[in-house]
Amino acid sequence: MQKVEHIGIAVKSLSYSVPLFEQLLNTNCYKTESVESEKVNTAFFRQGETKIELLESSDPEGVIARFIEKKGEGMHHIAFEVADIEAEMDRLKNEGFTLLSEKPKRGADNKMICFLHPKTTNGILIELCQEITT
Ligand code: ZN
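These figures come from a predicted structure and were not determined experimentally.

Engineer: Explain the environment of Leu99 to me, please; I cannot follow it from the model alone.
Structural biologist: Looking at where Leu99 falls in the secondary structure, it is placed in the loop between helix H3 (85-94) and strand E6 (105-107). Sequence-wise, Leu99 and Ile64 are 35 residues apart; in three dimensions their C-alpha atoms are separated by 18 Å.

Rendered as structure tokens:
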């Protein structure tokens with residue numbers, strides 16, 4: 001795994017949290033994007049080498065809505081950049097970690113992504129991400 005690519009934070013409302021994080025980080029949100037398959041609206045901030053990804057549920061039954069119901073707003077996942085996501089998924093599976101999908105999925109911000117089940121990672125949801133190069 002390479003650097004921490006971004007940290008995902010679950011929020012109830014982007015219209016409230018985007019200006020809040022703009023003030024907090026003293027930088028403008030540079031991108032918003034909806035990911036239909038994951039039922040999320042996302043907003044991105046760049047802070048040095050790392051990004052902050054705010055996640056708002058676009059559906060009351062979505063994973064982010066359910067996360068906030070259970071745990072409240074706050075840190076949702078840490079995403080590590082990898083050079084070869086399929087190789088990294090194989091390596092982690094062989095090490096005994098549980099992956100949440102068999103194949104990489106299309107995520108926000110032009111990435112192929114895969115999550116590891118938090119039950120095998122000390123309760124932290126870990127995302128692997130690889131930039132899509134075309
Ligand atoms: Zn993410």
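Read on for the rest.
Engineer: Would you mind showing me how to read the coordination of the zinc ion here?
Structural biologist: In ideal tetrahedral geometry, four donors around a metal make angles of 109.5 degrees, whereas ideal octahedral geometry with six donors gives angles of 90 or 180 degrees. Protein coordination of the zinc ion is provided by His6 (NE2), Glu53 (OE), His77 (NE2) and Glu127 (OE), with donor distances spanning 2.1 to 2.2 Å. Around the zinc ion sit 4 donor atoms; with metal-centred angles ranging over 82 to 171°, the donor geometry is irregular. All donor residues of the zinc ion come from one chain, and their arrangement in sequence is H-x46-E-x23-H-x49-E. Remark: His77 occurs in strand E5 (residues 74-81) and His6 occurs in strand E1 (residues 4-10); sequence separation between them is 71 residues. For the pair His6 and His77, a shared accessibility class is recorded, and that class is buried.

Engineer: Help me understand the sheet that holds strand E3 (residues 40-47) in this model?
Structural biologist: The strands that make up a sheet pair up through hydrogen bonds in the backbone, lying either parallel or antiparallel. Read from one edge of the open sheet, 8 strands run E2-E3-E4-E1-E5-E8-E7-E6, paired in mixed fashion. The open sheet terminates on both sides in strands that have one partner only, identified here as strand E2 (31-35) and E6. If you compare each strand with its neighbour and ignore which way they point, the axes differ by 35° on average. As defined by bridge partners, E3 adjoins strand E4 (residues 50-57) across 8 bridges and the pair is classed as antiparallel. From the neighbouring strand, Phe44 faces E4, where its bridge partner is Glu53. Here helix H1 (residues 14-25) sits on the sheet in contact with E1, E3 and E4, set at roughly 5° to E3.

Engineer: Help me out: how do you make sense of the state of the cysteines in this one?
Structural biologist: Summed over the entire model, instances satisfying the criterion amount to 0 disulfides. Looking at Cys29, it has no disulfide partner, and the nearest cysteine sulfur is the one in Cys129, 18 Å off. Overall, Cys29 belongs to the buried group, its relative accessible area being 18%. Here Cys114 is not disulfide-linked; the sulfur of Cys129 is the nearest cysteine sulfur, at 11 Å. Overall, Cys114 belongs to the buried group, its relative accessible area being 1%.

Scoring rules and cut-offs
- Residues numbered from 1 in each chain as written.
- Predicted model: local features only at pLDDT ≥ 70, side-chain atom pairs only at ≥ 80, totals over all residues.
- Heavy atoms only, no water.
- Helix = DSSP H or I, 4+ residues; strand = E, 2+ residues; numbered from the N terminus.
- Donors = N, O, S within 2.8 Å, 3.2 Å for Na, K, Ca; no water.
- Tetrahedral: all angles 85-135°; square planar, octahedral: opposite > 155°, others 65-115°.
- Buried < 20%, exposed > 50% of the residue type's maximum accessible area, 1.4 Å probe, protein only.
- Pairing = 2+ DSSP bridges.
- Axes fitted to C-alpha atoms, helices over the stretch in contact; angles between N-to-C directions.
- Contact = heavy atoms within 4.5 Å.
- Disulfide = S-S within 2.5 Å.

Everything listed here is a matter of coordinates, which is why it stays silent on function.
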